[in-house]
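Residues per chain are reported as follows:
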Amino acid sequence: MVGKLCILLSLSMCILGQDEPTNNLPAGSEDILSNPYSDGFSCEGQAYGYYADVENNCEVFHICLPIENNEGEVIEYAKWSFVCGNQTVFDQQTLTCNHRDDAFPCEESSSLFGAVEFGLVESEK
């Protein structure tokens, strides 16, 4: 029993001793990004959706969610950030990670913000 307790204490010390991520990206992301990560993307004013991060060469994308109060007014925005797999970029046209040569041009991605809906279900007639 004492041995198991020592192992648990050792593991918890390792976890507590780890550096907290400062950019909300998965550990090791910097190894596959072509440039250091820049956290300049804001969900402010965006509708719910998936958004390519042009500043990060579309190697990163974000999910934005406006959070409303009881009166329907947006009071804050939630943002989740993800890294596309090695050698891929976020394709704003298909809302998937894709090979750069097959993807919608990254620098034009903002022209499609809000144009491609994901996760919306049409109401039954």
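Scope of this entry: the structure provided in the associated data block. The model shown is predicted, which means the values in this text are computed figures rather than measured ones.

Conventions and cut-offs
- Every chain's residues receive numbers from 1 upward, in the order its sequence appears when written.
- At least 70 in pLDDT is required for a residue's local features to be given in this predicted model, at least 80 for side-chain atom pairs to be given and counted, and no such filter applies to totals for whole chains, interfaces and linings, which use all residues.
- To obtain the side-chain values, all non-hydrogen atoms of the structure were used and water was disregarded.
- Strands here mean DSSP runs of E at least two residues long; helices mean DSSP runs of H or I at least four residues long; both are numbered from the N terminus.
- Buried, partly exposed and exposed residues are distinguished by accessible area as a fraction of the type maximum, computed with a 1.4 Å probe on protein chains only: under 20%, between the cut-offs, and over 50%, respectively.
- For the purposes of this analysis, a disulfide is any pair of cysteine sulfur atoms at a distance within 2.5 Å.
- Here, any two strands with at least 2 DSSP bridges between them count as paired.

**A short note on unusual backbone geometry**
Working step 1: Positioned with a positive phi, Cys 58 is a non-glycine residue whose angle comes to about 60°.
Working step 2: Secondary-structure assignment places Cys 58 in the loop between β1 (49-52) and β2 (60-68).
Working step 3: Assessed through its relative accessible area of 0%, Cys 58 is described here as buried.
Working step 4: At Leu 95, a residue that is not glycine, the phi angle is positive and equals roughly 60°.
Working step 5: Following the sequence through the fold, Leu 95 ends up in the loop between β4 (88-91) and β5 (96-99).
Working step 6: Taking relative accessible area as the criterion, Leu 95 reaches 13% and is therefore assigned buried.

**Digging into the state of the cysteines**
Working step 1: With the rule as written, the count across this model stands at three disulfides.
Working step 2: With a sulfur-sulfur separation of 1.9 Å, Cys 43 is cross-linked through a disulfide to Cys 64. For the disulfide bridge between Cys 43 and Cys 64, the dihedral angle about the S-S bond is near -70°, and by the sign convention the bridge is left-handed. Of this pair, Cys 43 sits in the loop between α1 (2-17) and β1 while Cys 64 sits in strand β2, placing them 21 residues apart in sequence. Cys 64 matches Cys 43 in its accessibility class, with the two residues each being buried.
Working step 3: Note that Cys 84 is cross-linked by a disulfide to Cys 97, the S-S spacing being 2.1 Å.

**Notes on the pairing of β4**
Working step 1: Looking at chain direction, β4 and β5 are connected through four bridges and run antiparallel. In the sheet register, Phe 90 faces β5, and the bridge partner there is Cys 97.
Working step 2: Counting the residues that bridge the hairpin from β4 to β5 gives four residues, and of these Leu 95 lies at a positive phi of roughly 60°.

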